[in-house]
Each structure stands twice: as structure tokens, then as C-alpha cells.
Amino acid sequence: MPDEAPAVPVPRFRSVLDRIVGYRPSKAMPSLTGPTYQLAANESPYGPPAAVLEAIGREALRINRYPDNGCAGLIAEISARFGVPEDGVAVGCGSVGVAQMLMAAVAEPGSEVLYAWRSFEAYPILTRLSGATSVETPLRDGVHDLDAMAEAITDRTRLVFVCNPNNPTGTVVGEAELAAFLDRVPADCLVVLDEAYREYVRDPGSPDGLRIAAGRPNVVVLRTFSKAYGLAALRVGFMVGHPVVAGAIRKTYLPFSVNGIAQAAAIAAIGAEPELLARVDTTVGERERLRAALAARGWTVTPSQANFLWLPLGERAAAFGEHCGRAGVLVRAFAGDGVRVSVGSAAENDAFLTAAASFGP
Ligand SMILES: *Cc1c(COP(=O)(O)O)cnc(C)c1O
């Protein structure tokens, strides 16, 4: 529906903005009196470890100074931690920020960006903003259809997203199929392996993007500090790839957009990794408990390698989302398709199971 005609003259906006829905904050239901459980955004349910809080406190004393625009300290830590050269790493304002940097480097009007659908909601938005055309290949049983994606590549395709595990279905692609797909992608087309949930993967058949991207200059891996590392509010993500790509991407960085507190916290989070990864193990345990409990009660749940579960409810998705919301459990419903529920603490997951039981599979 077109917006109401403004009463005063306004600037001429890019036509693409008409096709982007403005952000609407989700409001807690006014009728709710009890606690609310936030299981809608795939966040870590845990607050920061002591070492991360201390780093944030120290850095807070310096906020009158600009942060390091090159993020050198953080890049050095990422390089050491993952065994990759520093010049193959680029940092950005969340991995969504890095995705936008990648777009700014390769996408333009007349070019195409390819991804599976349904997948991460940021892909269509970033594609539209870039002026490029979205090409969406339907998932097959909730999984990337890599053959169909390879066939959808044209000489206009500049960028392909492979979200592994896929948000919102939690499914993964296998190593051999991914390698075969990458072999079919032209060398001048960038492939972005979005591994926001890599730390939660336990399926040994699912590839480590860093390994599969090594030796393939047109493949980059996106990782984030927002999920397993628990820094969603601070906005830090990074890519690992060929130095030529990382160098190009760095040119598109919005200056100073990874702030000093975020850089310091991310460095401390790498230092606190044993503690953080132990929490990830707990979340993986909860994921399997939640899935088994739902399955035992007759729900269809897609096997997930991430920190969320997908319930392919089709036409009942919106009603189930509203039902959970009335019970104080905030989940993400995609009308006509399914509901994604994040794996939280044991108590939060129990609250979800209780809410689900009063709806029925
Ligand atoms: C959550 C998520 C991210 C992380 O985004 P940030 O900007 O790093 O917070 C990236 N990709 C996918 C698929 C996600 O679900």
C-alpha cells in the first residue's frame, strides 16, 4: 500500500525504498502480566563473562577517542584464533554490516544476487538497497537446493549467499555437495558462506567453511560475535577469504562503524572462548532436549544444527506465533510458512513447551 501523500514537499527518494518495509519494533502485549521469554532472535541466553565485562569497563574510559579504524588488534586475534592470514580478514558492524560491505563491493543495478528462500531476511533487503536484482531459489524440504542454485547462476550473478546452517530452518548442506556446487560457480562470482551459527553445528558431515574456502579465491566465510559469543548488542562480525577480496571489502567500510567497546569486547570474548563454547554445548543439549520433547508430543520439527528450531506449521504458523506471544513466549512466526523458536535457557525452553502444549501439534 502506498504511503499517505505527505503534506509538505519532501526529497525524492530512491524508488527501491517503496519495496522495503520500515522497521517496526515488536511490542510486548499490553495484556501480559507474567514474565516474557525472548526466544525470537536466536540470541545467547547468557550475559557476558567477567573478562568481557572488564574489557568493556576499561574501554568505556576512552570513549572520547575514535576507535581504531583498521580494527588491527581484533583482526590480529581473529587471525591467530582461526589460523588465517590477517590480510584475509575484514571486520564490520555485525556480519550484516560485512554482508552490506560485500554487496557494496560487487552488486549494482543490472547485476543479480542469488540465495535460497526461505533464508535470512537481511539478504533481500541488502540486495534491494544495492540496486541489484534478487534471484531466489526455493528450499527443498527446508534444505538449500544447490543444484537448482547452480542452474540459476547467469553471467549477471555477482554474489551467491549460502546460509549454513540456514536461518530459519536450521538445516545444513553436506561437504561433498557444497564442494561440487562451488566447482560449478564461475570464478568471477563471489560466494558468501554465512556461518553465523557454525559453533552450534555437531553434524560431522557439514563442512567447515574456512577449510572449504581455502584455495577458492571467490569464496568468503562470514562469522559473527552476535550468537555463540554473546555480543549481539555490540555489533561485530567478520569475513575470512582471499586477501584480494578482503582488501576490496575494506574499502567499503563505513569509517569507525565497529566501535572501540565492541572491538575490546570481541577480543576479550576470543580470550573467554572455553567458557563461551561450554555454554554453546549446553545450548546444543537444550536444542536436542527441546526437539525430542516436541517430537514426542507429535510436533513436526526440522532437525537443526543451529541454536533454534523450525516448526513447519504452514497456514497455522501465524496463529501459533500469536498463541505463544499471549503466553509470554516471543517466537518468530513467518505467516503461511513456519515458526522459528530460539533455544534459550532450560527455564525459557520449558515455558515454550508449556505454551506449545496448550496449542497442540
Ligand atoms: C543472526 C545472523 C547473523 C548475525 O548478524 P550480526 O549482524 O552479526 O548480528 C548473520 N547471518 C545470519 C544468517 C543470522 O541468522
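Our structure's up above, just so we're on the same page.
Reading the values: rules and limits
Residues numbered from 1 in each chain as written. Predicted model: local features only at pLDDT ≥ 70, side-chain atom pairs only at ≥ 80, totals over all residues. Heavy atoms only, no water. Salt bridge = Lys/Arg side-chain N within 4 Å of Asp/Glu carboxyl O. Helix = DSSP H or I, 4+ residues; strand = E, 2+ residues; numbered from the N terminus. Buried < 20%, exposed > 50% of the residue type's maximum accessible area, 1.4 Å probe, protein only. Contact = heavy atoms within 4.5 Å. Pairing = 2+ DSSP bridges. Axes fitted to C-alpha atoms, helices over the stretch in contact; angles between N-to-C directions. Near = heavy atom within 4 Å. Polar contact = N/O pair within 3.5 Å; in protein donor to acceptor, adjacent residues only side chain to side chain. Areas by Shrake-Rupley, 256 points an atom, 1.4 Å probe, with all protein chains shown as cover. Nonpolar A, V, L, I, M, F, W, Y, C, P; charged D, E, K, R; others polar.

Close approach of charged atoms lets side chains of opposite charge pair. All told, the structure shown has 19 salt bridges when counted by the stated rule. The salt bridge involving Glu195 is made with Arg223; its shortest N-O contact spans 2.8 Å. Of the two residues, Glu195 sits in the loop between strand E6 (190–194) and helix H7 (209–213) while Arg223 sits in strand E7 (residues 219–224), which places them 28 residues apart along the sequence. The class for Arg223 is buried, based on a relative accessible area of 5%. Across the salt bridge formed by Arg287 and Glu288, the nearest N and O atoms sit 2.8 Å from each other. A relative accessible area of 37% means that Glu288 is categorised as partly exposed.

This next bit is on helix H4 (residues 122–130). Every buried residue of H4 is listed here: Ala122, Tyr123, Pro124, Leu126, Thr127 and Ser130. The inward-facing, buried residues of H4 contact helix H3 (94–106), strand E3 (112–117), strand E4 (133–138), strand E5 (157–163) and E6. Just past H4, the residue Gly131 takes up positive phi, approximately 90°.

Taken in spatial order, the 7 strands make up an open sheet running E2-E8-E7-E6-E5-E3-E4, and their pairing is mixed. The open sheet has two edge strands with one neighbour each: strand E2 (89–92) and E4. Across the sheet, the mean angle from the axis of one strand to that of its neighbour is 25°, orientation sign disregarded. Both E5 and E6 contribute to a ladder of 5 bridges, which runs parallel. Paired with Val160 across the bridge in E6 is Val191. Strand contacts of helix H2 (residues 72–82): E2, E7 and strand E8 (237–240), with the helix running at about 130° to E2, the strand carrying the most contacts.

Put simply, side chains in a regular strand alternate between the two faces of the sheet. Alternating residues of E2 divide into Val89 and Val91 and Ala90 and Gly92, and every residue in both groups is buried. Pairing geometry for E2 and E8, over 4 bridges, is antiparallel. Residue Val91 lies in a different strand from E8, and its bridge partner there is Phe238.

Note: strands within a sheet are paired through backbone hydrogen bonds, in either parallel or antiparallel orientation. The 3 strands are arranged E9-E12-E11 in an open sheet whose pairing can be described as antiparallel. Bordering the open sheet on either side are strand E9 (308–311) and strand E11 (332–334), each of which pairs with just one other strand. On average, adjacent strands in this sheet sit at an angle of 15° to one another, irrespective of strand direction. Bridge analysis of E9 against strand E12 (residues 338–342) gives 4 bridges, and the strand direction is antiparallel.

Further remarks concern the site of the ligand. In the region of the ligand, 13 residues are neighbours, and Tyr197, Thr224, Ser226, Lys227 and Arg235 sit closest. Take Asp194: an N or O atom from its side chain is 2.8 Å from a nitrogen atom of the ligand. Within the side chain of Thr224, one N or O atom sits 2.5 Å away from an oxygen atom of the ligand. In isolation the ligand has 390 Å² of accessible area, and contact with the protein removes 94% of it. Considering each element in turn, the shell around the ligand owes the most residues, 3 residues, to H3. Of the residues that constitute the shell around the ligand, the class distribution is 5 nonpolar, 5 polar and 3 charged.

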